[in-house]
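These are the residues of each chain, in order.
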Amino acid sequence: MTDTVAPPSASSPASPVMQHALTVMLPLVTWLLRSGVGHGEFAAALKPVFLKAAQQELKRIQGKPTDSALSLLSGLHRKDVRALAPALHEPDAAARLGKPTPASQVATRWLAGELPETLPVAGPAPSFEALARSVSTDFHPRSVLQELLRLGVAEEAEGQVRLVRSAFVPDARHDETRGMVAGSVADHLAAGVHNLTSGESRQFLEQSVFADGLSADSARELEMLATRLWQEVLASMVKAAVPLCEKDEPAGGDHRVRLGMFCYSAPMDGLAPAAPAGDEEDSPR
(Lines give C-alpha, C1' and ligand atoms only; values in the text may rest on other atoms or scores of the structure.)
Protein backbone atom coordinates (compact mmCIF):
# COMPACT_ATOMS: atom_id res chain seq x y z
CA MET A 1 0.00 0.00 0.00
CA THR A 2 1.44 3.39 -0.99
CA ASP A 3 2.18 5.90 1.73
CA THR A 4 1.18 8.97 -0.29
CA VAL A 5 -2.25 10.31 -1.09
CA ALA A 6 -2.75 13.05 -3.67
CA PRO A 7 -5.13 15.85 -2.65
CA PRO A 8 -8.14 16.49 -4.92
CA SER A 9 -7.67 19.09 -7.63
CA ALA A 10 -10.15 21.83 -8.39
CA SER A 11 -11.60 19.75 -11.23
CA SER A 12 -11.80 16.49 -9.29
CA PRO A 13 -15.13 14.87 -8.27
CA ALA A 14 -14.46 15.98 -4.70
CA SER A 15 -14.59 19.71 -5.49
CA PRO A 16 -18.43 20.06 -5.43
CA VAL A 17 -18.27 18.96 -1.81
CA MET A 18 -16.80 22.37 -1.00
CA GLN A 19 -20.11 24.15 -1.58
CA HIS A 20 -21.96 21.71 0.66
CA ALA A 21 -19.26 22.04 3.32
CA LEU A 22 -19.55 25.83 3.23
CA THR A 23 -23.30 25.52 3.77
CA VAL A 24 -22.58 23.47 6.89
CA MET A 25 -19.99 26.04 7.98
CA LEU A 26 -22.28 29.09 7.89
CA PRO A 27 -24.03 28.51 11.25
CA LEU A 28 -20.69 27.49 12.77
CA VAL A 29 -19.09 30.74 11.59
CA THR A 30 -22.07 32.63 12.99
CA TRP A 31 -21.41 30.99 16.37
CA LEU A 32 -17.72 31.89 16.14
CA LEU A 33 -18.39 35.52 15.24
CA ARG A 34 -20.91 35.92 18.05
CA SER A 35 -18.28 34.48 20.40
CA GLY A 36 -15.54 36.86 19.25
CA VAL A 37 -13.56 34.38 17.15
CA GLY A 38 -12.36 35.67 13.77
CA HIS A 39 -11.09 33.99 10.61
CA GLY A 40 -7.38 34.09 11.44
CA GLU A 41 -7.77 32.52 14.86
CA PHE A 42 -10.07 29.81 13.54
CA ALA A 43 -7.85 29.06 10.52
CA ALA A 44 -4.88 28.48 12.82
CA ALA A 45 -6.94 26.27 15.10
CA LEU A 46 -8.02 24.13 12.12
CA LYS A 47 -4.50 22.90 11.40
CA PRO A 48 -4.42 20.13 14.02
CA VAL A 49 -7.97 19.18 13.05
CA PHE A 50 -6.91 18.61 9.42
CA LEU A 51 -3.85 16.72 10.64
CA LYS A 52 -5.83 14.37 12.85
CA ALA A 53 -8.44 13.77 10.15
CA ALA A 54 -5.64 12.93 7.70
CA GLN A 55 -4.20 10.45 10.18
CA GLN A 56 -7.57 8.77 10.63
CA GLU A 57 -8.09 8.60 6.86
CA LEU A 58 -4.67 7.03 6.28
CA LYS A 59 -5.50 4.45 8.92
CA ARG A 60 -8.82 3.72 7.20
CA ILE A 61 -7.16 3.10 3.82
CA GLN A 62 -4.20 1.31 5.41
CA GLY A 63 -1.70 3.96 4.35
CA LYS A 64 1.50 4.73 6.24
CA PRO A 65 1.16 7.89 8.37
CA THR A 66 4.47 9.42 7.28
CA ASP A 67 5.04 13.16 7.40
CA SER A 68 4.90 13.19 3.60
CA ALA A 69 1.58 11.36 3.43
CA LEU A 70 0.05 13.50 6.17
CA SER A 71 1.25 16.67 4.45
CA LEU A 72 -0.12 15.68 1.05
CA LEU A 73 -3.49 14.57 2.34
CA SER A 74 -4.08 17.43 4.78
CA GLY A 75 -2.54 20.21 2.69
CA LEU A 76 -0.37 21.25 5.63
CA HIS A 77 3.31 22.10 5.29
CA ARG A 78 5.65 19.40 6.60
CA LYS A 79 6.94 21.73 9.32
CA ASP A 80 3.35 22.10 10.58
CA VAL A 81 2.91 18.33 10.51
CA ARG A 82 5.99 17.90 12.68
CA ALA A 83 5.10 20.75 15.03
CA LEU A 84 1.55 19.53 15.52
CA ALA A 85 2.42 15.85 15.95
CA PRO A 86 1.39 15.83 19.66
CA ALA A 87 -2.19 16.60 18.58
CA LEU A 88 -2.36 13.17 16.94
CA HIS A 89 -2.37 11.52 20.35
CA GLU A 90 -5.28 13.47 21.79
CA PRO A 91 -8.52 11.51 22.39
CA ASP A 92 -11.64 11.87 20.26
CA ALA A 93 -13.28 15.12 21.34
CA ALA A 94 -16.78 14.11 20.16
CA ALA A 95 -16.65 11.07 22.44
CA ARG A 96 -16.05 13.38 25.41
CA LEU A 97 -18.33 16.29 24.54
CA GLY A 98 -21.88 15.75 25.63
CA LYS A 99 -20.96 12.62 27.58
CA PRO A 100 -23.43 12.57 30.45
CA THR A 101 -22.22 13.43 33.92
CA PRO A 102 -23.77 11.66 36.91
CA ALA A 103 -25.95 14.74 37.41
CA SER A 104 -27.21 14.70 33.82
CA GLN A 105 -27.85 10.95 34.03
CA VAL A 106 -29.97 11.50 37.13
CA ALA A 107 -31.91 14.27 35.40
CA THR A 108 -32.42 12.12 32.31
CA ARG A 109 -33.79 9.16 34.26
CA TRP A 110 -36.01 11.52 36.22
CA LEU A 111 -37.28 13.18 33.07
CA ALA A 112 -37.82 9.94 31.15
CA GLY A 113 -39.07 7.77 33.97
CA GLU A 114 -42.40 7.49 35.73
CA LEU A 115 -41.38 9.57 38.72
CA PRO A 116 -43.24 12.55 40.17
CA GLU A 117 -41.98 15.98 39.17
CA THR A 118 -41.31 16.70 42.85
CA LEU A 119 -39.42 14.25 45.06
CA PRO A 120 -38.37 14.26 48.72
CA VAL A 121 -34.65 14.93 49.03
CA ALA A 122 -33.97 11.86 51.18
CA GLY A 123 -35.57 8.59 52.10
CA PRO A 124 -36.61 5.40 50.32
CA ALA A 125 -37.79 5.40 46.72
CA PRO A 126 -39.29 7.42 45.27
CA SER A 127 -36.85 10.06 46.48
CA PHE A 128 -33.99 12.04 44.97
CA GLU A 129 -31.51 10.14 47.12
CA ALA A 130 -32.76 6.78 45.82
CA LEU A 131 -32.76 8.06 42.24
CA ALA A 132 -29.19 9.34 42.49
CA ARG A 133 -27.95 6.08 44.02
CA SER A 134 -29.63 4.10 41.24
CA VAL A 135 -27.37 5.92 38.77
CA SER A 136 -24.09 5.80 40.70
CA THR A 137 -22.87 5.03 44.19
CA ASP A 138 -19.57 6.81 43.49
CA PHE A 139 -21.04 10.27 44.17
CA HIS A 140 -22.98 11.42 47.19
CA PRO A 141 -26.59 12.34 46.31
CA ARG A 142 -26.11 15.78 47.88
CA SER A 143 -23.19 16.50 45.49
CA VAL A 144 -25.31 15.46 42.53
CA LEU A 145 -28.16 17.65 43.75
CA GLN A 146 -25.85 20.65 44.15
CA GLU A 147 -24.76 20.27 40.51
CA LEU A 148 -28.39 20.12 39.30
CA LEU A 149 -29.18 23.21 41.36
CA ARG A 150 -26.17 25.01 39.86
CA LEU A 151 -27.35 24.18 36.34
CA GLY A 152 -30.91 25.27 37.11
CA VAL A 153 -32.26 21.80 36.32
CA ALA A 154 -33.71 21.38 39.80
CA GLU A 155 -35.09 23.53 42.62
CA GLU A 156 -34.97 22.64 46.32
CA ALA A 157 -37.30 23.87 49.04
CA GLU A 158 -38.54 22.46 52.37
CA GLY A 159 -36.99 19.04 51.90
CA GLN A 160 -38.37 18.63 48.37
CA VAL A 161 -36.66 18.74 44.96
CA ARG A 162 -38.53 19.77 41.81
CA LEU A 163 -37.39 18.97 38.27
CA VAL A 164 -37.32 22.12 36.12
CA ARG A 165 -38.32 20.80 32.68
CA SER A 166 -37.82 24.16 30.98
CA ALA A 167 -34.12 23.99 31.91
CA PHE A 168 -33.60 21.35 29.25
CA VAL A 169 -33.68 24.12 26.67
CA PRO A 170 -29.94 24.70 26.00
CA ASP A 171 -28.58 27.53 28.18
CA ALA A 172 -25.53 29.28 26.69
CA ARG A 173 -24.38 30.41 30.13
CA HIS A 174 -23.02 26.96 30.91
CA ASP A 175 -19.93 25.40 29.34
CA GLU A 176 -21.69 22.01 29.61
CA THR A 177 -24.29 23.28 27.16
CA ARG A 178 -21.73 24.33 24.59
CA GLY A 179 -20.01 20.96 24.89
CA MET A 180 -23.34 19.19 24.55
CA VAL A 181 -24.18 21.04 21.34
CA ALA A 182 -20.69 20.50 19.91
CA GLY A 183 -20.68 16.77 20.63
CA SER A 184 -24.20 16.37 19.29
CA VAL A 185 -23.55 18.20 16.01
CA ALA A 186 -20.21 16.43 15.51
CA ASP A 187 -21.78 12.99 15.82
CA HIS A 188 -24.72 14.01 13.61
CA LEU A 189 -22.34 15.14 10.87
CA ALA A 190 -20.15 12.04 11.37
CA ALA A 191 -23.17 9.84 10.70
CA GLY A 192 -23.91 11.68 7.44
CA VAL A 193 -20.28 11.64 6.31
CA HIS A 194 -20.09 7.91 6.99
CA ASN A 195 -23.22 7.29 4.92
CA LEU A 196 -21.90 9.41 2.02
CA THR A 197 -18.28 8.32 1.91
CA SER A 198 -17.49 5.09 3.75
CA GLY A 199 -18.69 2.67 1.06
CA GLU A 200 -19.93 0.35 3.80
CA SER A 201 -23.28 -1.38 3.69
CA ARG A 202 -24.01 -0.29 7.25
CA GLN A 203 -25.81 3.05 7.25
CA PHE A 204 -26.58 5.21 10.28
CA LEU A 205 -29.95 6.84 10.88
CA GLU A 206 -29.61 10.37 9.48
CA GLN A 207 -32.84 11.74 8.08
CA SER A 208 -35.05 14.78 8.44
CA VAL A 209 -38.46 16.12 7.42
CA PHE A 210 -38.72 19.48 5.64
CA ALA A 211 -41.82 21.62 5.12
CA ASP A 212 -42.08 25.14 3.69
CA GLY A 213 -44.74 27.60 2.65
CA LEU A 214 -45.93 27.74 6.28
CA SER A 215 -47.18 30.61 8.40
CA ALA A 216 -45.30 31.49 11.58
CA ASP A 217 -48.12 29.98 13.65
CA SER A 218 -48.02 26.71 11.69
CA ALA A 219 -44.25 26.52 12.05
CA ARG A 220 -44.61 26.99 15.79
CA GLU A 221 -47.25 24.25 15.91
CA LEU A 222 -44.84 21.82 14.25
CA GLU A 223 -42.07 22.85 16.66
CA MET A 224 -44.31 21.99 19.59
CA LEU A 225 -45.17 18.64 18.00
CA ALA A 226 -41.47 17.88 17.58
CA THR A 227 -40.87 18.62 21.26
CA ARG A 228 -43.64 16.23 22.29
CA LEU A 229 -42.30 13.52 19.99
CA TRP A 230 -38.83 13.93 21.46
CA GLN A 231 -40.17 13.23 24.93
CA GLU A 232 -41.51 9.90 23.64
CA VAL A 233 -38.21 9.05 21.93
CA LEU A 234 -36.25 10.02 25.04
CA ALA A 235 -38.32 7.83 27.33
CA SER A 236 -38.09 4.81 24.99
CA MET A 237 -34.32 5.12 24.50
CA VAL A 238 -33.54 5.58 28.19
CA LYS A 239 -35.72 2.60 29.07
CA ALA A 240 -33.79 0.45 26.59
CA ALA A 241 -30.32 1.93 27.24
CA VAL A 242 -30.18 1.72 31.04
CA PRO A 243 -30.29 -2.10 31.35
CA LEU A 244 -27.93 -2.53 28.41
CA CYS A 245 -25.39 -0.13 29.94
CA GLU A 246 -25.67 -1.87 33.31
CA LYS A 247 -25.02 -5.23 31.61
CA ASP A 248 -22.26 -4.22 29.18
CA GLU A 249 -20.17 -1.67 31.08
CA PRO A 250 -18.87 -4.11 33.76
CA ALA A 251 -17.92 -6.50 30.94
CA GLY A 252 -15.78 -3.84 29.22
CA GLY A 253 -18.22 -2.47 26.66
CA ASP A 254 -16.31 -0.11 24.34
CA HIS A 255 -18.99 1.36 22.03
CA ARG A 256 -21.12 4.46 22.38
CA VAL A 257 -24.43 5.53 20.83
CA ARG A 258 -25.87 9.01 20.55
CA LEU A 259 -29.43 9.53 19.34
CA GLY A 260 -30.58 13.08 18.79
CA MET A 261 -33.42 15.11 17.41
CA PHE A 262 -33.56 18.74 16.41
CA CYS A 263 -36.15 21.19 15.14
CA TYR A 264 -35.45 24.56 13.52
CA SER A 265 -37.67 27.11 11.81
CA ALA A 266 -36.93 30.35 9.97
CA PRO A 267 -38.43 32.54 7.24
CA MET A 268 -37.87 31.07 3.79
CA ASP A 269 -35.43 33.88 2.93
CA GLY A 270 -33.30 32.66 5.84
CA LEU A 271 -32.49 36.18 7.04
CA ALA A 272 -34.26 36.33 10.38
CA PRO A 273 -34.51 32.96 12.13
CA ALA A 274 -37.40 32.40 14.45
CA ALA A 275 -36.58 31.27 17.98
CA PRO A 276 -36.29 27.47 17.75
CA ALA A 277 -38.09 25.23 20.20
CA GLY A 278 -36.16 23.41 22.91
CA ASP A 279 -35.07 20.11 21.45
CA GLU A 280 -31.99 18.41 22.76
CA GLU A 281 -30.26 16.96 24.64
CA ASP A 282 -31.54 15.14 27.67
CA SER A 283 -29.80 11.80 27.26
CA PRO A 284 -26.63 10.19 25.89
CA ARG A 285 -26.74 10.21 22.13
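Before any of the text, the structure's been laid out above.
Residues numbered from 1 in each chain as written. Predicted model: local features only at pLDDT ≥ 70, side-chain atom pairs only at ≥ 80, totals over all residues. Heavy atoms only, no water.

Novice: What's the story with the nonpolar core in this structure? I'm lost.
Specialist: The tendency in soluble globular proteins is for nonpolar side chains to be buried as a group. If you look at the biggest cluster of nonpolar residues, it comprises 24 residues, and the most contacted ones within it are Val 106, Trp 110, Phe 128, Leu 148, Val 153, Val 161 and Leu 234. Elements represented by at least two residues in this core include exactly α6 (102-112), α7 (128-135), α8 (141-151), β3 (160-163) and α10 (216-248). For this core, the element with the most residues is α6, which contributes six residues. Listed in part, the eight residues of the second largest apolar core include Ala 54, Leu 70, Leu 76 and Val 81. (Core = buried A, V, L, I, M, F, W, Y, C linked by side-chain atoms within 4.5 Å. Buried < 20%, exposed > 50% of the residue type's maximum accessible area, 1.4 Å probe, protein only. Helix = DSSP H or I, 4+ residues; strand = E, 2+ residues; numbered from the N terminus.)

Novice: So what exactly am I meant to see when it comes to the pairing of strand β2 (residues 154-157) here?
Specialist: Sheet faces and side chains relate simply in a regular strand, where the side chains alternate between the two faces. As paired elements, β2 and β3 share four bridges and run antiparallel to each other. Pairing of Ala 157 across the sheet is with Gln 160, part of β3. The hairpin turn running from β2 into β3, its antiparallel successor, is two residues long, and Glu 158 in that turn takes a positive phi close to 50°. (Pairing = 2+ DSSP bridges.)

Novice: Would you explain the packing of α6 against α7 in this entry?
Specialist: A pair of packed helices can be characterised by two numbers: the angle between their axes and the separation between those axes. At their nearest, the axes of α6 and α7 sit 9 Å apart, and the two run at 115° to each other. The hand of the α6/α7 crossing is right-handed. Residue-level inspection shows Pro 102, Gln 105, Val 106, Arg 109 and Trp 110 of α6 in contact with α7, the latter providing Phe 128, Leu 131, Ala 132, Ser 134 and Val 135. Classifying every residue of the contact of α6 with α7 by side-chain character gives seven nonpolar, two polar and one charged. (Axes fitted to C-alpha atoms, helices over the stretch in contact; angles between N-to-C directions. Left-handed = near helix turned anticlockwise from the far one by under 90°. Contact = heavy atoms within 4.5 Å. Nonpolar A, V, L, I, M, F, W, Y, C, P; charged D, E, K, R; others polar.)

Novice: I'm lost on the pattern of salt bridges in this one. Help?
Specialist: It is possible for side chains of opposite charge to pair when their charged atoms get near one another. For the structure on display, the rule yields eleven salt bridges. Ionic pairing is found between Glu 147 and Arg 150, a salt bridge with its closest N-O pair at 2.8 Å. In this pair, Glu 147 and Arg 150 are both assigned in helix α8, three residues apart and thus about one turn of the helix distant. The partner of Arg 220 in a salt bridge is Glu 223, and the shortest N-O contact between them spans 3.4 Å. Of the two residues, Arg 220 and Glu 223 both sit in helix α10, three residues apart, roughly one turn of that helix. (Salt bridge = Lys/Arg side-chain N within 4 Å of Asp/Glu carboxyl O.)

Novice: Would you take a moment to explain a nonpolar patch on the surface for this structure?
Specialist: Nonpolar side chains collect at one region of the surface, where Leu 28, Trp 31, Val 181 and Val 185 lie side by side and expose about 310 Å² of accessible area between them. Those elements that provide at least two residues to the nonpolar patch are α1 (17-34) and α9 (175-197). Within the secondary structure, Leu 28 sits in helix α1. (Patch = residues over 30% accessible without salt bridge, like charges linked within 9 Å, V, L, I, M, F, W, Y side chains within 5 Å. Areas by Shrake-Rupley, 256 points an atom, 1.4 Å probe, with all protein chains shown as cover.)

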